Amino acid sequence: MFRMNKQIAYASLFGAALMASTALAQAAGPDKAPATQAAQPAQSQPAASGSGSQNIVTDQSKDEWRAGKLIGVPVYGPDNKKIGTISDIMIGHDGAAREAIIGVGGFLGIGQKNVGVPFHELQWQTEPRTVASTAPPTTSGGTGGTSGAGGTAQTTTPPKQTVDPVATEANQGHPDKAMLNMTFAQLKAAPDFKWAPDPYAEAESASHPQSQTTKP
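Just so we're clear, the structure is a prediction, and the values are computed from it rather than from any experiment. (Residues numbered from 1 in each chain as written. Predicted model: local features only at pLDDT ≥ 70, side-chain atom pairs only at ≥ 80, totals over all residues. Heavy atoms only, no water.)

## Looking at the overall build of the protein
If you tally the helices and strands in the protein, you get six helices and ten strands. For the protein, restricting intrachain contacts to residue pairs at least 6 apart in sequence, the fraction spanning at least 24 positions comes to 54%. When the accessible area of the protein is evaluated, it comes to approximately 16,800 Å², of which 56% is carbon and sulfur surface. (Helix = DSSP H or I, 4+ residues; strand = E, 2+ residues; numbered from the N terminus. Contact = heavy atoms within 4.5 Å. Areas by Shrake-Rupley, 256 points an atom, 1.4 Å probe, with all protein chains shown as cover.)

## Section: the packing of aromatic side chains
The full count for this structure, using the stated rule, is three aromatic pairs. Between the aromatic rings of phenylalanine 119 and tryptophan 124, the centroid separation amounts to 5.6 Å while the plane-to-plane angle is 40°, which identifies the pairing as tilted. Considered together, phenylalanine 119 and tryptophan 124 belong to a single accessibility category, that of buried residues. Site record: aromatic cluster; members linked through ring pairs are Trp65, Phe119 and Trp124. Over the ring of tyrosine 76 we find lysine 177, and its NZ or CZ is 5.0 Å from the ring centre. (Phe/Tyr/Trp six-rings, centres within 6.5 Å; stacked < 30°, edge-to-face > 60°. Buried < 20%, exposed > 50% of the residue type's maximum accessible area, 1.4 Å probe, protein only. Lys NZ or Arg CZ within 6 Å of the ring centre and 35° of its normal.)

## Some details on unusual backbone geometry
The backbone of asparagine 80 sits at a positive phi, close to 60°, despite the residue not being glycine. Turning to its location among the elements, asparagine 80 is positioned in the loop between β1 (74-76) and β2 (82-91).

## So, the side chain of lysine 113
Checked against the element boundaries, lysine 113 lands in strand β4 (residues 113-118). For lysine 113, a relative accessible area of 13% puts it in the buried group. Of note is the side chain of lysine 113, whose polar atom sits 3.1 Å from the side chain of aspartate 192. With residues up to four places along the chain from it excluded, the contact list for lysine 113 reads Ile102, Gly103, Val104, Leu187, Lys188, Ala189, Ala190, Pro191 and Asp192. (Polar contact = N/O pair within 3.5 Å; in protein donor to acceptor, adjacent residues only side chain to side chain.)

## Structural notes on the environment of lysine 69
Mapping lysine 69 onto the fold places it in helix α3 (residues 67-70). Judged by relative accessible area, lysine 69 falls into the partly exposed class, the value being 37%. Separated by 17 residues in the primary sequence, lysine 69 and isoleucine 86 have C-alpha atoms spaced 9.9 Å apart. Ignoring anything within four residues of it in the chain, the contact list for lysine 69 reads Gln172, Gly173 and His174.

Worth remembering: the numbers are spatial, not functional.
See below:
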């Protein structure tokens, strides 16, 4: 009985509080919010689905190449003779290209040596291309318009349009070739590029030094 009376008392108290808050809201009118409601902090809204889209890049610029496409680009010396090919590009933590690794000599990668040169020392080139133009064809020679009696044969020259090399590079992802002010003999004589050592192998070697033997 005591427990039932306690539940009835709690229900009465909750109902009285609910009626009081309703009366307060009605007294405040449609243009006024209750003081208790106004004191509540504003809740943060979920971020819009497009939030952070300013950090997304959707299009390739004409002055951008594709790093993977640079691998295999031929390298030519000052005499315009091929001296090697790009075998790798070293990128710093700041995102800038630092060294170009040039594969020199060898056949199908066998017997090839790698030489590193500063990336900025390479001069990239792309040959201009021409495509057929949509302009009306031009004619040359002749006075009669067509070959035949009293006329001279005319030749029609299809018009051509030069394509911007920068646009060509962007589309194919790489320039046609790289120029370096070094000869093939100089690259062959240059020291090999050394890759970073394996830290696990170095740690293993340090923890197990070779035992030294003493002569009797």
